[in-house]
Amino acid sequence: MHLAARINESESIRFLMQEAEAILGKTLSPAMSTLLLTISDDYGLPPEVTVMLLHYAVGAGKTGTTYIDSVARDWAES
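Residues numbered from 1 in each chain as written. Predicted model: local features only at pLDDT ≥ 70, side-chain atom pairs only at ≥ 80, totals over all residues. Heavy atoms only, no water.

Caption draft 1: Highlighting the overall build of the chain. Scanning the chain from N- to C-terminus turns up 5 helices and 0 strands. N-terminal to C-terminal, the α/β element order of the chain is α-α-α-α-α. For 78 residues, the compact-globule estimate of 2.2 N^0.38 gives 12 Å, and the C-alpha radius of gyration of the chain, at 11 Å, lies within 12% of that figure. Overall size of the chain, expressed as C-alpha extent along the three principal axes, is 30 × 30 × 20 Å. The buried share of the chain, taken over its 78 residues, is 37%. The long-range share in the chain, meaning contacts at least 24 apart out of those at least 6 apart in sequence, stands at 52%. (Helix = DSSP H or I, 4+ residues; strand = E, 2+ residues; numbered from the N terminus. Rg over C-alpha atoms; globule rule 2.2 N^0.38 Å. Buried < 20%, exposed > 50% of the residue type's maximum accessible area, 1.4 Å probe, protein only. Contact = heavy atoms within 4.5 Å.)

And the structure:
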């Protein structure tokens, strides 16, 4: 699995996944894990910025993948 390989090879991706679970208070769904990888690899946001984005989403009460993806795209374009 691509995700498992990335977690094993990248300390920053491992950090991101662990932080995401702590922030969201639950085990990450496959969809959320894939989205976080996309935000890092495709959108180019650093893990620290993605962690900040997750705190923002929790504060807004919107922790669905659609909302997080939308905000990540906006932030990446800015």
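Caption draft 2: Structural context of the environment of Pro46. Examined against the element boundaries, Pro46 turns out to sit in the loop between helix H3 (30–41) and helix H4 (47–60). Taking relative accessible area as the criterion, Pro46 reaches 37% and is therefore assigned partly exposed. Sequence separation between Pro46 and Ile13 is 33 residues; the distance between their C-alpha atoms is 9.5 Å.

Caption draft 3: Looking closely at the packing of helix H1 (residues 2–9) against helix H2 (residues 11–24). As a packed pair, H1 and H2 sit with axes 5 Å apart at the nearest point and diverge in direction by 110 degrees. Relative to H2, the element H1 lies roughly perpendicular. Between H1 and H2, the residues in contact are Leu3, Arg6, Ile7, Asn8 and Glu9 and Glu11, Ile13, Arg14 and Met17, respectively. For the contact of H1 with H2, the class distribution of residues is 4 nonpolar, 1 polar and 4 charged. (Axes fitted to C-alpha atoms, helices over the stretch in contact; angles between N-to-C directions. Parallel < 35°, antiparallel > 145°, perpendicular 65-115°, else oblique. Nonpolar A, V, L, I, M, F, W, Y, C, P; charged D, E, K, R; others polar.)

Caption draft 4: Inspection of the environment of Tyr43 at higher detail. In this structure, Tyr43 sits in the loop between H3 and H4. Along the primary structure Tyr43 and Glu19 are separated by 24 residues, whereas in three dimensions their C-alpha atoms are 19 Å apart. A distance of 3.2 Å separates a polar atom in the side chain of Tyr43 from a polar atom in the side chain of Arg73. (Polar contact = N/O pair within 3.5 Å; in protein donor to acceptor, adjacent residues only side chain to side chain.)

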